Structures are given as C-alpha cells and as structure tokens.
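Observations on the three-dimensional arrangement
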Amino acid sequence: MEEEPRKQRELNLVLLGRPGAGKGTFGIKLAALLDVPHISTGDLIREEMKKVSSMSRRIAEVVSKGKLLGDEEVFELLHSRLQAGAARGDKGFILDGFPRTVNQAIVLDKIADVHVAVNFAQEREVLIQKCLGRRVCGECGRVFSMADVSVGDLRMPAIPPPIQCLDKMVTRKDDSEQSIQKRLQVYDEESKPVEDFYRKQGKLVNFDVRGGVSESWPKLLQALNLVEEQQRSSARTPPPAIPTVWC
Ligand SMILES: Nc1ncnc2c1ncn2[C@@H]1O[C@H](COP(=O)(O)OP(=O)(O)O)[C@@H](O)[C@H]1O
C-alpha cells in the first residue's frame, strides 16, 4: 500500500550558543533536513542594516559594538518574518540567535510552542579563533571559515569557499577581536540565563561541538533523535551529481 505522505507536524527549534559556536552552520543543515525555514535574527538585522535610514544607522552602531538590540526591535523584525512564513504555510522554524534574553524567550512562548532548544557549546578560545577567521560571501551570503582552528586536542578544519565566492569574501564588522570579546561577555550576562529557561521546561539539549561539521553532524542528529529522518531524507534525495554552484 502506498505509504501515506507523512503529515508533517509543526516543528519549532531554537538554537542557542555563543558567537561562532555553529548555530548558523548547523541551523541551515537542520532546516534542509526538516523542511522548515532557518531564521537567523542576525541575518534579519543585517538585512535591516542595508537600508538607508536613521534606524539602520542606529542598529549598525549597536551591532558593531557587540551589544544586543532592544528586545522590542528585534522581536518586531522576527514577528513579521514569522507571520510571513505562517502565511506561506511554513510548518515550523529553526530559530537561530533568538531568544537571546529571558524576556525574548517569554515573549516567544506567547506566540509559538518551542519544542527543543539546542545549545551549541564550544571552548572560548575556539570561538574567538573561529569568529576571527569567519568570512561571508558578499554575494550569496554563505559563511566560511578561512582558518583551521586547533586548540588543545580540538581540531576545527577550515570551511573554504568555492571558487565562485573566493573574490567576494567580506569580514563582518562585529567579528573584530574587540567586538567578539564584548559579544561573549554579553552572552554570559544576558543570554546564558536562556539556557536555564529551557532547562526548567525540559527542552534544553546541550551539544558540545568537538570537531568539524562532518564529524559533528551525525552526533547532532543522534542527540536530537533525527538519525532516521536523515536516513529517510538521504533515500529521498540522492546527493547532487554536480557540486552545487553557490554564486
Ligand atoms: N535575538 C537578538 N536580540 C538582540 N540582538 C540580536 C539578536 N540576534 C542578533 N542580534 C544582534 O545581531 C548581531 C549578530 O547576530 P548573529 O549573526 O546571530 O551573531 P553571532 O555570531 O553572535 O551569533 C548580534 O551581535 C546582536 O548585536
């Protein structure tokens, strides 16, 4: 008998973690696997910063200093994105970089059921080196890591860009040494309590990123009980015959 198309239940995940811990990299992969949108508040804010307005100038000032935007401001950006997604029939979301304060988590609980909060943990020195080596393609927006990072027994191989992106690499203004230190401090002061918020709800999954993407991805799937989902997805979509051209 024809297998009933799986009725996809809504699946809402939030990704927590310090700058450079891998929220974006694994968020994009999880979104593709689960067929839900990857929504990064950092990306929404950077889109806003591209506009010519007093608000975008003020936002750029805050971001360049490594501080958090006001809860109301970032929630306004996120809420309109979530409403647009719901209107399109999105069956959930992978939320990257939100909530970043307990107040944001409380407000999010009012408009959506969060099923899992994945907390990406990594050593501070690794995070600093990854952010310093992080580059973004100015055209397609993909994020790359230009340097192999090794701290102690930890090895995080570089994620070099494809040839099409090579001459379009840009460094985020908030990936300066000073701004990285500030963002790490802001995380400890304002965002770490969000981990406790979800721990108390029994929704927190801590994930230590102990290696590169290919080494960590299967471990993350195991931690989230998504191994079968990956097997079904691989069976449905054989790998592309030609490398994906990003730009
Ligand atoms: N939920 C949020 N609340 C307030 N500010 C945010 C939020 N998400 C992102 N930002 C702002 O955008 C910047 C970049 O965010 P993001 O791309 O997620 O960076 P990171 O690499 O620190 O995770 C943050 O440093 C902060 O200034």
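An account of the accompanying structure is given in this report.

Rules used throughout
Residues numbered from 1 in each chain as written. Predicted model: local features only at pLDDT ≥ 70, side-chain atom pairs only at ≥ 80, totals over all residues. Heavy atoms only, no water. Helix = DSSP H or I, 4+ residues; strand = E, 2+ residues; numbered from the N terminus. Rg over C-alpha atoms; globule rule 2.2 N^0.38 Å. Buried < 20%, exposed > 50% of the residue type's maximum accessible area, 1.4 Å probe, protein only. Contact = heavy atoms within 4.5 Å. Areas by Shrake-Rupley, 256 points an atom, 1.4 Å probe, with all protein chains shown as cover. Lys, Arg positive; Asp, Glu negative; His and termini not counted. Charge placed at Lys NZ, Arg CZ, Asp CG, Glu CD. Near = heavy atom within 4 Å. Polar contact = N/O pair within 3.5 Å; in protein donor to acceptor, adjacent residues only side chain to side chain. Pairing = 2+ DSSP bridges. Axes fitted to C-alpha atoms, helices over the stretch in contact; angles between N-to-C directions. Salt bridge = Lys/Arg side-chain N within 4 Å of Asp/Glu carboxyl O. Core = buried A, V, L, I, M, F, W, Y, C linked by side-chain atoms within 4.5 Å.

**Brief notes about the overall build of the protein chain**
Within the protein chain, the regular secondary structure consists of 10 helices and 10 strands. Here the protein chain has a C-alpha radius of gyration of 18 Å; the compact-globule value for 247 residues is 18 Å, and the two agree. For the protein chain, the spread of C-alpha atoms along the three principal axes comes to 60 × 40 × 35 Å. Put simply, the protein chain has 247 residues, and 42% of those count as buried. In the protein chain, the proportion of contacts linking residues at least 24 apart, taken out of those at least 6 apart, comes to 73%. Accessible surface computed for the protein chain: about 13800 Å², of which carbon and sulfur atoms make up 53%. In the protein chain, the 37 positive side-chain charges and the 35 negative ones have mean positions that sit 2 Å from each other.

**Some thoughts on the site of the ligand**
Around the ligand, the surrounding shell holds 19 residues, and the nearest of these are Arg46, Lys67, Gly97, Arg100 and Arg183. Here threonine 41 contributes a side-chain N or O atom positioned 2.9 Å from a nitrogen atom of the ligand. The contact in question runs from an oxygen atom of the ligand to an N or O atom on the side chain of arginine 172, over 3.1 Å. When the free accessible area of the ligand is taken as 540 Å², the share hidden by the protein chains comes to 96%.

**With respect to the sheet that holds strand β6 (residues 143-145)**
Spatially, the three strands line up as an open sheet ordered β6-β5-β9, and their pairing is antiparallel. Both outer strands of the open sheet, β6 and β9 (169-170), are each paired with one neighbouring strand and no more. Direction of pairing for strand β5 (residues 134-137) relative to β9: antiparallel, over a ladder of two bridges. Paired with valine 136 across the strands is valine 170, a residue of β9.

**Observations concerning the sheet that holds strand β4 (residues 116-121)**
Pairing in this open sheet of five strands is parallel, and the strands run β2-β3-β1-β4-β10 from one edge to the other. Only two strands of the sheet have a single neighbouring strand rather than two, namely β2 (38-40) and β10 (204-208). Sheet twist, expressed as the mean angle between neighbouring strand axes with direction ignored, is 20 degrees. Sheet topology note: the strand β1 (residues 11-17)/β4 ladder contains five bridges and is parallel. Bridged to leucine 13 within β4 is valine 116. The sheet strands contacting helix α2 (residues 41-49) are β2 and β3 (92-96), and the helix crosses β2 at an angle near 60 degrees.

**Quick notes on the pairing of β5**
Of the strand pairs in this sheet, β5 and β6 are connected by three bridges, and their pairing is antiparallel. Bridging across to β6, arginine 134 finds its partner in serine 145. Counting the residues in the hairpin turn of β5 and β6 gives five residues, including glycine 141, whose phi is positive at 85 degrees.

**Observations concerning the pattern of salt bridges**
Per the stated rule, a full pass over the model turns up 20 salt bridges. Aspartate 90 serves as the salt-bridge partner of arginine 81, at 3.9 Å between the closest nitrogen and oxygen. Among the residues examined, aspartate 90 registers a relative accessible area of 25% and is labelled partly exposed. Its salt-bridge partner being glutamate 215, residue lysine 219 comes within 3.5 Å of it at the nearest N-O pair. Of this pair, lysine 219 and glutamate 215 both sit in helix α9 (residues 213-223), four residues apart, which is roughly one turn of the helix. Among the residues examined, lysine 219 registers a relative accessible area of 42% and is labelled partly exposed. Taken together, the shared-partner salt bridges in this structure form one network comprising Arg134, Arg172, Asp174, Asp175 and Arg183.

**Observations regarding the nonpolar core**
Within soluble globular proteins, side chains that are nonpolar tend to cluster in buried spots. Formed by 30 residues in total, the largest nonpolar core has its most connected members in Leu30, Ile94, Val118, Phe120 and Leu220. If you list the elements that add at least two residues to this core, you get β1, α1 (23-34), β4, α6 (124-132), β7 (149-151), β8 (154-156), α8 (177-200) and α9. Broken down by element, this core gets its largest block of residues, five residues, from α1. What phenylalanine 120 contacts, discounting residues up to four positions off in sequence, is Leu15, Leu16, Gly17, Arg18, Ala21, Lys23, Phe26, Phe207, Val209 and Leu220. In terms of nonpolar packing, the next biggest core, distinct from the first, is built from 25 residues, Val14, Phe75, Leu78 and Ala117 among them.

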